[in-house]
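Analysis of the macromolecular model
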Amino acid sequence: MKASKGMNDDWLIQGAVAGISGARPAGGEGARLPAGCDIRVRGGLIQAIGRLQPEPGEAVIDARGCVVYPGWVNTHHHLFQSLLKGIPAGIDLPLLPWLAAVPVPYRRHFDHEHALRIAARVGLVELLLSGCTTVADHQYHVYPGMPYDASAVVFDEAARLGLRFVLCRGGQTQARAMTDTVAPPQSAPETLDAFMAGVEDDTLRFHDPGPMAMRRVVSAITTPNWSCKPEHLRVMAAQARALGIRLHSHLSETWDYVRWARDVHGCTPLQWVAQHDWVGPDVWFAHMVHLDDSELHLCASTGTGIAHCPQSNARLGSGIARIPEALALGVPVGLAVDGAASNEAADMASEAHAAWLMHRADPRAGQRARAGGTQPGGHAAALTVDEVVHIGTAGGARLLGLGGVGTLAVGMAADIAVYRLDQPRHFGLHDPAIGPVASGGRPALRALLVQGRLVAEHDSIPGLDLAELQAQAQTLVAGML
Ligand SMILES: [Zn+2]
């Protein structure tokens, strides 16, 4: 028996050697699936996990030697940047000059639908092949008089690949003098009324509030500090809550956020957004690198979430977010790749590997572990593989409000990644369950299911011509040079 069937089929994933459930590890224990972790899928859901025998009519995915994880949940991205990787003018710059050198001026190359479509396709394919099944895209390439429907384009590209997609409808209602250094129209702000109308229109067209929704819409001004007037924030928050959608933005990515809030408003960035109703279990921010203790506790007490982007934070020299401390306090944390213009490999496998390593190398983790001691260094248990898988799957699903997604458990959505550990880097592994994260690189996909639908098999996406996509991307990049 072999795979390759249509939507919502009956599957038995059989023979995997190990798996991690995505649930939050508790009390030093991991979140491993029991030995003999065959998974039965019915009607898009996980029906059973254990030692299972094939039933009549179901297709078997031979997973012998493989490891199973939930599909990754990417909680912050900018898909249009997928054609802006490694631009020399910005490769060694920190956030603000990088914004002025790369994403802002290059937006003029996305004045036609084809460029955004191909960029989105590149980014989504890269994510999918890393085992990602849910993508939240912070789509801020919006401007007055835009000649095409960007929201429809990104939803369409995700649907073609069978991915779960959350559109964080970004944009700005005021220009930012420091970075908006190029001429309109692409850098021009929308009016507040136009922004609000855009959010409402996208919600009415695309939003599904269900716990396993394939399409969600979120209100997501690009940055609360600089993309709008402060009084706009409360209006946006009220609209989002009336529509039943979530709120998302960037916050405290660099020290500039902290300095601005302190100098202009006399408080921390999180205190400032809290004064404008931008905290709560329906709010998550990308980065949150520079949080003080009071802000970590405010995140925990309000349920405000963090989309952790370790590779982008490292690439731009922004710093290392206090993720182990946030997790210990119960702050909701997800993993995210951020835009590919500040992360030249915007895939979830690389991101998970970076997260696993980075917090162990963080000297602050060592100081906490050896309080009172003087020995320098990090902490070898600062973040375990099981915790990385948790934030990259169930943790991310929590940020997005997708309660039926992100965990390998009976009754949950069948978003399942089956990884082959058959590259030399995996030879000799004693604990195969950690291989997809700890060994680094991109493990080959035996199969990837989204809501029970097979979206990739043997590392290829049915119906996708990768060579053609590469050529389309190269042509567009050549047009920018
Ligand atoms: Zn971002």
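Residues numbered from 1 in each chain as written. Predicted model: local features only at pLDDT ≥ 70, side-chain atom pairs only at ≥ 80, totals over all residues. Heavy atoms only, no water.

1. Remarks on the overall build of the protein chain
Of regular secondary structure, the protein chain possesses 16 helices and 17 strands. Overall size of the protein chain, expressed as C-alpha extent along the three principal axes, is 65 × 60 × 45 Å. Positive and negative side-chain charges of the protein chain, numbering 38 and 46 respectively, have mean locations separated by a distance of 3 Å. (Helix = DSSP H or I, 4+ residues; strand = E, 2+ residues; numbered from the N terminus. Lys, Arg positive; Asp, Glu negative; His and termini not counted. Charge placed at Lys NZ, Arg CZ, Asp CG, Glu CD.)

2. What to know about the side chain of Ser350
Structurally, the position occupied by Ser350 is in helix 12 (residues 348–361). Given the relative accessible area of 19%, Ser350 is considered buried. Once residues lying within four places of it in the same chain are set aside, the contact partners of Ser350 are Gln311 and Ala345. (Buried < 20%, exposed > 50% of the residue type's maximum accessible area, 1.4 Å probe, protein only. Contact = heavy atoms within 4.5 Å.)

3. Some words on the nonpolar core
Counting 113 residues, the largest nonpolar core has Tyr69, Trp72, Leu84, Phe110, Phe165, Trp278 and Val437 as the members making the most contacts within it. Counting residues per element, this core draws most heavily on helix 3 (residues 113–129), which supplies 11 residues. With 20 residues, the next largest nonpolar core counts Trp11, Ala16, Ile46 and Leu408 among its residues. (Core = buried A, V, L, I, M, F, W, Y, C linked by side-chain atoms within 4.5 Å.)

4. Quick word on the sheet that holds strand 1 (residues 11–14)
Spatial ordering of the open sheet is given by 4-3-1-5, a layout of four strands whose pairing is mixed. A single partner strand is all that each edge strand has here, and the edge strands are strand 4 (45–50) and strand 5 (59–62). Adjacent strand axes in the sheet meet at a mean angle of 20 degrees when their direction is disregarded. In this structure, strand 1 lies alongside strand 3 (residues 38–42), joined through three bridges in antiparallel fashion. The residue of strand 3 that forms the bridge with Ile13 is Ile39. (Pairing = 2+ DSSP bridges. Axes fitted to C-alpha atoms, helices over the stretch in contact; angles between N-to-C directions.)

5. Some remarks on the coordination of the zinc ion
Every protein donor of the zinc ion is listed here as His76 (NE2), His78 (NE2), His250 (NE2) and Asp338 (OD), and their distances to the metal cover 2.1 to 2.4 Å. The coordination sphere of the zinc ion comprises four donor atoms, whose angles at the metal cover 90 to 171 degrees; the geometry is irregular. Site description for the zinc ion: donor spacing in sequence, H-x1-H-x171-H-x87-D. Owing to a relative accessible area of 0%, His76 belongs among the buried residues under this scheme. (Donors = N, O, S within 2.8 Å, 3.2 Å for Na, K, Ca; no water. Tetrahedral: all angles 85-135°; square planar, octahedral: opposite > 155°, others 65-115°.)

6. Here we look at the packing of aromatic side chains
Applying the stated criterion to the full structure yields 10 aromatic pairs. Relative to Phe165, the ring of Phe155 lies with its centre 5.3 Å away and its plane at 75 degrees, an arrangement referred to as edge-to-face. Of this pair, Phe155 sits in helix 4 (residues 150–161) while Phe165 is found in strand 9 (residues 164–169), placing the two residues 10 residues apart along the sequence. An identical accessibility class is assigned to Phe155 and Phe165; each is buried. Ring geometry for Trp226 versus Tyr257: centroids 4.7 Å apart, planes at 65 degrees, classification edge-to-face. Of the two residues, Trp226 sits in the loop between strand 10 (215–219) and helix 6 (230–243) while Tyr257 sits in helix 7 (residues 255–265), which places them 31 residues apart along the sequence. (Phe/Tyr/Trp six-rings, centres within 6.5 Å; stacked < 30°, edge-to-face > 60°.)

7. So, the sheet that holds strand 15 (residues 416–420)
Read from one edge of the open sheet, five strands run 2-6-15-16-17, paired in mixed fashion. Edge positions in the sheet fall to strand 2 (18–19) and strand 17 (453–457), since each has one partner strand and no second. As paired elements, strand 15 and strand 16 (residues 444–450) share five bridges and run antiparallel to each other. Paired with Ile416 across the strands is Leu449, a residue of strand 16.

8. Here's the deal with the environment of Leu163
Within the secondary structure, Leu163 sits in the loop between helix 4 and strand 9. In the structure, Leu163 is positioned 51 residues away from Met214 in sequence and 7.4 Å away in space, judged by C-alpha atoms. In this structure Leu163 touches Leu124, Leu128, Cys132, Thr133, Val135, Ala158 and Met214, once residues within four positions along its chain are discounted.

9. Brief notes about the pattern of salt bridges
One side chain can pair with another of opposite charge once the charged atoms of both are near each other. This model, assessed by the stated rule, comprises 31 salt bridges. Where Asp386 meets Arg32, a salt bridge forms, and the shortest distance between an N and an O atom there is 2.9 Å. Of this pair, Asp386 sits in helix 14 (residues 385–400) while Arg32 sits in the loop between strand 2 and strand 3, and the two are 354 residues apart along the sequence. Its salt-bridge partner being Arg169, residue Glu190 comes within 2.7 Å of it at the nearest N-O pair. Taken together, the positions of Glu190 in the loop between strand 9 and helix 5 (192–206) and Arg169 in strand 9 put the pair 21 residues apart, joining distant regions of the chain. Since its relative accessible area comes to 8%, Glu190 is described here as buried. Through salt bridges that share partners, Glu113, Arg117, Arg121, Asp156, Glu157 and Arg160 make up one connected network. (Salt bridge = Lys/Arg side-chain N within 4 Å of Asp/Glu carboxyl O.)

10. What to know about the pairing of strand 4
The pairing of strand 3 with strand 4 spans five bridges and is antiparallel. When the sheet's bridge partners are listed, Arg42 is paired in strand 4 with Leu45. The hairpin turn running from strand 3 into strand 4, its antiparallel successor, is two residues long, and Gly43 in that turn takes a positive phi close to 55 degrees.

11. Some points on helix 14
Helix length check: helix 14 (16 residues) gives 22 Å between terminal C-alpha atoms against 22 Å at 1.5 Å per residue, within 8%. The largest bend in helix 14 comes to about 40 degrees, at Ile391. Burial of helix 14 is extensive: 14 of the 16 residues sit out of reach of the surface. Positive backbone phi, at 75 degrees, marks Gly401, one or two positions downstream of helix 14. (Expected span 1.5 Å × (residues − 1). Bend = angle between axes of the 7 residues up to and from the residue.)

Worth remembering: the numbers are spatial, not functional.
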